[in-house]
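Results of the structural survey
If you want the building blocks of each chain, they are given just below.
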Amino acid sequence: MRKTGDFSRTTQELLENAVPDGVIKSPGGSSTLSLGCRIPPDMVWFQGHFAAYPVYPGVAELDLVLKSLKHFFGFDYEHFVLEIPQIKFPRPVLPCSDIMLTVTWNEPALKCEFRIVSRDGRAEPADLHAAGKLCFRKPVRG
């Protein structure tokens, strides 16, 4: 059992307990993941970020995208060099936020696009928290 103030929940634990709303695989190697989840207030990302106004940091949102690629599509991004040609974080994610992560993964091109939005009670995306594009390249062996 977790104690109050125990910031130990990780992104991986969040994904292991998540059931995707949908995973669509298209011919040609493109796939789309839709994942609704609630950001628990005891995630390690909230430890010290910030005491009076906890915010799920942009790096945590990026970690959610990267670990989703690995967890749902089996892509081992750790062996690739990453470029981020476009990324924005217009609105913070707060503890207990209900969000929808959408990741479009183009495996042959080693590229993905993502969006993180709030989910309201009508199951319609409401507010944009993050959006971006990520490009991966095989490492240069030398």
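Above this text sits the structure in question.
Structure report, in brief.

Rules behind the numbers
Residues numbered from 1 in each chain as written. Predicted model: local features only at pLDDT ≥ 70, side-chain atom pairs only at ≥ 80, totals over all residues. Heavy atoms only, no water. Phe/Tyr/Trp six-rings, centres within 6.5 Å; stacked < 30°, edge-to-face > 60°. Salt bridge = Lys/Arg side-chain N within 4 Å of Asp/Glu carboxyl O. Helix = DSSP H or I, 4+ residues; strand = E, 2+ residues; numbered from the N terminus. Buried < 20%, exposed > 50% of the residue type's maximum accessible area, 1.4 Å probe, protein only.

A separate point is the packing of aromatic side chains. By the definition in use, this model includes 5 aromatic pairs. When the ring of Phe-75 is compared with that of Phe-80, the centres are 4.9 Å apart and the planes differ by 50 degrees; the resulting orientation is tilted. Members of the aromatic cluster, connected to one another through ring pairs, are Phe-75, Phe-80, Trp-105 and Phe-136.

Before going further, it helps to spend a moment on the pattern of salt bridges. The full count for this structure, using the stated rule, is 6 salt bridges. For Asp-42, the salt bridge identified is with Arg-9, shortest N-O distance 3.1 Å. Of this pair, Asp-42 sits in the loop between strand E2 (30-38) and helix H2 (58-73) while Arg-9 sits in the segment before helix H1 (11-16), placing them 33 residues apart in sequence. Owing to a relative accessible area of 14%, Asp-42 belongs among the buried residues under this scheme. Here Arg-119 makes a salt bridge to Asp-21, at a shortest N to O gap of 3.9 Å. Of the two residues, Arg-119 sits in strand E5 (residues 111-119) while Asp-21 sits in the loop between H1 and strand E1 (22-25), which places them 98 residues apart along the sequence. With a relative accessible area of 32%, Arg-119 lands in the partly exposed category. Given the relative accessible area of 48%, Asp-21 is considered partly exposed.

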